[in-house]
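Examination of the molecular architecture
Now for the letters of each chain:
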Number of protein chains: 2
Amino acid sequence: MRNDPHPIPGGESLLFLTDDQIRRGIEAMYFAYRAFTADPDLILEEIGYGRAHHRALHFITRDPGLTVTALLEVLGVTKQSLNRVLRTLIEDGLVDSRVGRRDRRERQLHLTEKGVALERRLSEAQRARVRAAYRAAGPQAVAGFRQVLEAMMDGEMLAQFRALREAPDQRLAPRRAGSAG
Amino acid sequence: MRNDPHPIPGGESLLFLTDDQIRRGIEAMYFAYRAFTADPDLILEEIGYGRAHHRALHFITRDPGLTVTALLEVLGVTKQSLNRVLRTLIEDGLVDSRVGRRDRRERQLHLTEKGVALERRLSEAQRARVRAAYRAAGPQAVAGFRQVLEAMMDGEMLAQFRALREAPDQRLAPRRAGSAG
DNA sequence: AAGGATAGGGCAGCCTTGTTGACTTTCCAA
DNA sequence: TTGGAAAGTCAACAAGGCTGCCCTATCCTT
């Protein structure tokens with residue numbers, strides 16, 4: 001298992017599949033993810049929030065009016081965990097939780113002006129880094145980056161990711177189809 | 001700031017730098033990182049360890065005999081935080097902490113057989129996913145993936161990352177007197 | 001030989017953000 | 001009307017970050 005021992009008949013060089021290359025990719029992913037979160041983390045620290053707050057603000061911005069359950073599924077955490085974060089955002093006047101119209105058990109989540117302002121500040125910081133990296137690497141590299149990231153996701157997660165793209169302002173929730181918690 | 005308003009005179013299409021594309025990249029990074037850690041997380045949970053244990057095992061494997069301080073710098077955490085994790089690994093007989101030869105204040109970290117076995121199991125699980133993603137995306141996409149990840153790192157982190165590459169079995173730390181590791 | 005600097009570690013205690021379990025409110029269907 | 005299911009909330013615990021302070025052993029310089 002030290003080096004990929006499968007010179008698959010097909011022509012192309014498979015050197016990019018050696019264990020060493022894979023391991024370098026794993027390390028790059030680890031370091032890059034730390035860099036990726038570093039800028040918003042600084043802002044969050046100022047105001048006593050954490051990454052979980054940023055994530056909630058992001059997906060509420062992405063899909064205004066989504067329910068707690070829908071947000072839960074996107075984030076892949078338990079509702080208790082999300083609830084704590086959401087409660088502080090609501091108490092601090094960044095998120096508005098409205099009783100659902102079609103189902104009064106549901107809460108529909110929107111950002112307040114203050115919430116929009118913070119979300120924008122956080123996103124801008126994060127986007128600046130990603131934009132710089134994209135610009136430095138060029139469009140072809142970016143296409144490859146996206147391809148590999150998507151190929152890393154499993155089926156259910158990929159579906160969630162694509163659902164965000166395809167239904168930019170649509171509720172994700174109502175499908176009864178079972179998805180694990 | 002909604003869409004990149006800089007049609008830089010230079011020719012290429014800059015559509016890959018729109019805020020929308022950047023945001024998709026950010027979301028892809030978020031989901032992919034979750035997928036990326038999912039497989040080892042399952043194994044770690046079985047035995048009551050966390051990601052921090054995996055990271056320590058990884059970098060000790062990467063650079064056997066490295067000191068606590070060197071590991072600290074690679075991981076970017078505090079001594080106290082690392083120490084808790086390292087202590088359990090040593091107590092459980094996965095890591096061996098030997099007094100340094102050239103400097104007896106230092107502790108040189110090695111994996112035991114048991115440690116090697118666990119690290120291999122964790123790495124194999126993670127590599128399997130990355131390898132599958134690489135294979136699916138192809139060598140050109142992988143090159144782009146790596147380019148973007150490196151472009152995301154800041155200078156110091158990039159230096160650390162490259163130091164791992166260039167000195168695969170060398171101490172990262174002070175190099176007082178050159179002695180075999 | 002003495003004193004400061006460095007490597008490593010321990011303890012106390014804080015925070016965020018995961019987790020499970022138990023609970024209320026609301027809806028819907030038998 | 002009643003009972004189950006679903007949405008959301010509250011309580012308590014754990015992992016693993018963090019800081020602060022203290023301690024020993026070991027270097028290294030004076």
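Residues numbered from 1 in each chain as written. Chains lettered and ligands numbered in written order. Predicted model: local features only at pLDDT ≥ 70, side-chain atom pairs only at ≥ 80, totals over all residues. Heavy atoms only, no water.

Per an unreviewed UniProt entry, chain A is named MarR family transcriptional regulator, and its organism is Paracoccus salipaludis.

Here the focus is the pattern of salt bridges. Tallied over the entire structure, the rule returns 28 salt bridges over all chains. Across the pair A:Arg98 and A:Asp96 runs a salt bridge, and its minimum N-O distance is 2.8 Å. Taking relative accessible area as the criterion, A:Asp96 reaches 29% and is therefore assigned partly exposed. In this structure, B:Glu124 engages B:Arg127 in a salt bridge whose closest nitrogen and oxygen atoms are separated by 2.8 Å. Of this pair, B:Glu124 and B:Arg127 both sit in helix 5 (residues 113-137), 3 residues apart, which is roughly one turn of the helix. On the basis of relative accessible area, B:Arg127 is assigned to the buried category, the value being 7%. Here the residues in one salt-bridge network are A:Asp19, B:Glu124, B:Arg127 and B:Arg131, joined through shared partners. (Salt bridge = Lys/Arg side-chain N within 4 Å of Asp/Glu carboxyl O. Buried < 20%, exposed > 50% of the residue type's maximum accessible area, 1.4 Å probe, protein only. Helix = DSSP H or I, 4+ residues; strand = E, 2+ residues; numbered from the N terminus.)

Let us look at the protein's contact with DNA strand C. Taken together, 24 residues form the shell around DNA strand C, and within it A:Arg51, A:Arg55, A:Arg84, B:Thr69 and B:Arg105 come nearest. Among the atoms of DNA strand C close to the protein, meaning within 4 Å, 56% are from sugar or phosphate groups. Between A:Ser81 and DNA strand C, the recorded distance is 3.3 Å, taken from a side-chain N or O atom to a phosphate oxygen. Between A:Arg105 and DNA strand C, the recorded distance is 3.5 Å, taken from a side-chain N or O atom to a base oxygen. Mapped onto the surface near DNA strand C, the elements with two or more residues apiece are helix 2 (51-62) and helix 4 (79-91) of chain A together with helix 3 (68-75) and helix 4 (79-91) of chain B. Tallied by class, residues from the surface near DNA strand C come to 3 nonpolar, 10 polar and 11 charged. (Near = heavy atom within 4 Å. Polar contact = N/O pair within 3.5 Å; in protein donor to acceptor, adjacent residues only side chain to side chain. Nonpolar A, V, L, I, M, F, W, Y, C, P; charged D, E, K, R; others polar.)

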